[in-house]
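# Coordinates in review
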Amino acid sequence: MDIQTWTWVLVGVTFTLYIGIAIWSRASSTGEFYVAGKGVHPIANGLATAADWMSAASFISMAGIISFGGYDGSVYLMGWTGGYVLLALLLAPYLRKFGKFTVPDFIGDRYYSNIARVVAVLCALIVSFTYVAGQMRGVGLVFSRFLEVDIDTGVIIGMFIVLFYAVLGGMKGITYTQVAQYCVLIFAFMVPAIFISIQMTGNPIPQIGFGSSGSDGVYLLDKLDGLHRELGFHEYTSGSKTKIDVFFITAALMVGTAGLPHVIVRFFTVKKVSDARKSAGWALLFIAILYTTAPAIAVFARTNMIETVSNQKYEDLPDWFSNWETTGLITFDDKNKDGRVQYVADASKNELTVDKDIMVLANPEIARLPNWVIALVAAGGLAAALSTAAGLLLVISSSISHDIIKKIVNPKITENGELIAARLSAVVAVIIAGWFGINPPDFVAATVALAFGLAAASFFPAIVLGIFYKRMNKEGAIAGMVVGILLMLFYMMKFKFDWFGGGTKEDWWFGISPEGFGTVAMIVNFIVSLIISSFTPEPPKEVQEIVDNIRIPNNAGKATH
Amino acid sequence: MNTDLRKKYWKENLKYLAILLSIWFLVSYVFGILLVEQLNIIKFGGFKLGFWFAQQGSIYVFVILIFVYIRLMNKLDKKYNLDE
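Below, the discussion takes up the overall build of chain A. Counting secondary structure elements, chain A contains 21 helices and two strands. Expected size for 561 residues packed as a compact globule is a radius of gyration near 24 Å; at 24 Å, chain A falls within 12% of this value. For chain A, the spread of C-alpha atoms along the principal axes amounts to about 75 × 55 × 40 Å. When the 561 residues of chain A are sorted by exposure, 58% land in the buried category.

Another point: the overall build of chain B. Within chain B one finds three helices and two strands. Overall, chain B shows an N-to-C arrangement of helices and strands of α-α-β-β-α. Relative to the 2.2 N^0.38 estimate, which gives 12 Å for 84 residues, the radius of gyration of chain B is 18 Å and therefore markedly larger than a compact globule would have. Overall, chain B is about 55 × 20 × 15 Å in size when its C-alpha atoms are taken along their principal axes. Out of the 84 residues belonging to chain B, those deemed buried represent 36%. Considering only residue pairs separated by 6 or more positions, chain B has 49% of its internal contacts joining residues 24 or more positions apart.

Moving on, we get to unusual backbone geometry. Comment: phi is negative for the bulk of residues other than glycine, and the bulk of peptide bonds are trans. Residues and elements named next belong to chain A. Phi angles above zero are rare outside glycine, and Asn311 is one such case at about 65°. As for its position among the elements, Asn311 is in the loop between α13 (273-309) and α14 (319-326). By C-beta crowding, Asn311 is classed as partly exposed, having 13 other C-beta atoms within 10 Å. With phi around 50°, Phe510 is a residue other than glycine that occupies positive phi space. Relative to the assigned elements, Phe510 resides in the loop between α19 (474-496) and α20 (517-535). Exposure remark for Phe510: the 10 C-beta atoms within 10 Å place this residue in the exposed category.

Facing the 40 residues of chain A at the interface are 33 residues of chain B. Going through the elements one at a time, α5 (74-98), α10 (220-231), α11 (243-259) and α13 of chain A are the ones with two or more residues in the side of chain A that touches chain B. Sort the elements by how many residues they give to the side of chain A that touches chain B and α13(A) lands first, with 11 residues.

All names here are of chain A. Tracing the chain through its elements places Val270 in the loop between α12 (261-264) and α13. Residue class for Val270 comes out buried when judged on the 27 C-beta atoms lying within 10 Å of it. Distance from Val270 to Thr331, taken between C-alpha atoms, is 49 Å for residues 61 residues apart in sequence. Among residues more than four places away in sequence, those in contact with Val270 are Lys38, Val40, Pro42, Asn45, Arg96, Asp275, Ala276 and Ser279.

Moving on, we come to α19(A). With 23 residues, α19(A) extends 32 Å between its outermost C-alpha atoms, agreeing within 8% with the 33 Å of an ideal straight helix rising 1.5 Å per residue. Of the residues trailing α19(A), A:Asp498 is marked for its positive phi of about 65°.

Turning our eyes to something else, we now look at the environment of A:Glu506. All names here are of chain A. For Glu506, the location among the structural elements is in the loop between α19 and α20. Taking the number of C-beta atoms within 10 Å as the measure of exposure, Glu506 has 6 and is therefore exposed. Counting along the chain gives 489 residues from Glu506 to Leu17, while the straight-line C-alpha distance between them is 52 Å.

All names here are of chain A. Contact geometry of helix α4 (residues 56-69) with α13 gives a least axis separation of 8 Å together with a crossing angle of 55°. Taken as axis vectors, α4 and α13 run oblique relative to one another. As α4 runs across α13, the sense of the crossing is right-handed. On the side of α4, the interface is formed by Ser58, Met62, Ala63, Ile66 and Ser67, while α13 contributes Leu290, Ala294, Pro295, Ile297, Ala298, Ala301 and Arg302. Among the residues forming the contact of α4 with α13, the class breakdown is nine nonpolar, two polar and one charged.

So, about the environment of A:Gly484. With respect to the element layout, A:Gly484 can be found in helix α19. In sequence terms A:Gly484 and A:Gly518 are 34 residues apart; their C-alpha atoms lie 8.5 Å from each other.

Time to look at the confidence of the model for chain B. Residues and elements named next belong to chain B. Overall, the predicted model of chain B reaches an average pLDDT of 92, with 99% of residues at or above 70. Mean pLDDT values over the elements of chain B span from 88, in strand β1 (residues 43-44), up to 95, in helix α3 (residues 49-79). As a predicted assembly, this complex carries a pTM of 0.92 together with an ipTM value of 0.96.

Turning our attention to the packing of α5(A) against helix α1 (residues 3-34) of chain B. To characterise two packed helices, one gives the angle between the axes of the helices and the distance between these axes. At a minimum axis distance of 11 Å, the contact between α5(A) and α1(B) shows a crossing angle of 175°. By the criterion of interaxial angle, the relationship of α5(A) to α1(B) is roughly antiparallel. Taken together, the residues of α1(B) that come into contact with α5(A) (itself represented by A:Ser74, A:Met78, A:Gly82, A:Val85 and A:Leu89) are B:Leu17, B:Leu20, B:Leu21, B:Trp24, B:Ser28 and B:Gly32. The residue inventory of the contact of α5(A) with α1(B), partitioned by class, reads seven nonpolar, four polar and no charged.

Scoring rules and cut-offs
Residues numbered from 1 in each chain as written. Chains lettered and ligands numbered in written order. Predicted model: local features only at pLDDT ≥ 70, side-chain atom pairs only at ≥ 80, totals over all residues. Helix = DSSP H or I, 4+ residues; strand = E, 2+ residues; numbered from the N terminus. Rg over C-alpha atoms; globule rule 2.2 N^0.38 Å. Buried ≥ 20, exposed ≤ 12 C-beta atoms within 10 Å, placed from the backbone. Contact = placed C-beta atoms within 7 Å. Expected span 1.5 Å × (residues − 1). Axes fitted to C-alpha atoms, helices over the stretch in contact; angles between N-to-C directions. Parallel < 35°, antiparallel > 145°, perpendicular 65-115°, else oblique. Left-handed = near helix turned anticlockwise from the far one by under 90°. Nonpolar A, V, L, I, M, F, W, Y, C, P; charged D, E, K, R; others polar. pLDDT = per-residue confidence, 0-100.

As structure tokens, then:
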């Protein structure tokens, strides 16, 4: 069978599976809609969290970014896994004990203030919308490349699928579809990696393979460093970013991961506090399988690509080269008219540009793997994008139906009324997300990475102080969140969109890039919170009792309003 | 549960957090970033050690840290009769 038929078959089978699960596990109460009735097994929750977390960016783009950045790519590897340690040790068990439905719920109750609740809802919406637009675009891209429909049609198909299972199933439906999606995506990611590792090093474990030697007896990494030096790039294993920037970006990604509402809310779905800890462990284990494989794929793909194209005659290049050329993701411009591909660091002599996203998508073709493997990668990319989109949409809809409508606008709303409101907000959220997917504003790509900075600068300090510092009051927390997120937005707009006078790399404060600035904004948030709270009255007795209570794990109980 | 016991439980919990987070910081920020060049002089197999910590080792340690934390906390909960 050809690639396209295989892709239709695999995509059809997996989509039917997701819809089947949604019908089987549809939600019948708000508790089930928001937090799956708090009865999810910790391993199932770990699987769902891993799928929720690993987006189109992790699946499609990350290995490519590492492939081009070498050591610089480490910020994503450490940042997007180290955050789970913070989550497990500092947040998950306590938030589960607190036992409500959403992150703004915690902020609103702990800081006894609807202003704090609204600030938290706004932060959650900003973070989730910037993130979800990228996912819908990812769905469209996979459809257009592998199934030859246009991107917009792809986005619309994706919208219908997500709409169906998120609206019908709520958190309960999403949880079990995500379990299935994790299995699909990890299988799709590992199969080509194992094949290629065997091809290039003879070792079936990619994590060990990329530290081994190829058939010529030279260590792969040494060979790649050599090729890089030859072509004028920085050495693969040493990187080009400054140390301070690497440090701050890693920290911003870690803390941001721990502050993302769609990840935090997954820990509200288990039965008890010890299960919340356990599911964080399982989640990271499942994530680590992909994250330790990605740098191996990066090395294999980079070496393969340079060896296949560098200084080769254009007409001798394999088929995949021209396949991807037609999509515009590879371009070749024969500047010196010698009919050969010069791929070098010097921009005036370089003739080849390769989009980082194709490293994972084209990898199986480059390595001449069978057609079904290539189709599998498409199904995996879709699973990754859909699972993350669904998780984000649920955060958006529960922010509106629960945090705004139920808690502020109309507290007397009935259970059924709230459930209808939740479903309607999910529908509206899908439509907005789809619209962003079809008409992506330029800033989307730039802001997805910055969503982490925003989460780090707003939520993380408010939640951590809320648990670990009993004296923290509403004045301190609100001031901290507002100053933190505004400072981050300001820096992002100044250096990413050239507002407020703009600026170049040389103007960065302390040499820290906008991606790493979330760490600075987070520190400022902490300082502002602590100073303001020391000048203002301590929180009321009942609130201090809440804090005492969440520190003790027993009697976490069922979901309560 | 009385206030004294609560305080003791919380203190032990904080002690565990301090130890585990120090290791978390050490393997990523110290080995993977601050001392990466120094560690890169050491090689095992085809890996430079600093590079390996940044792209592999730190992640393995993170996973182990969370499972150690789960064990420690389960024991602690039992000791204070807080397990369910």
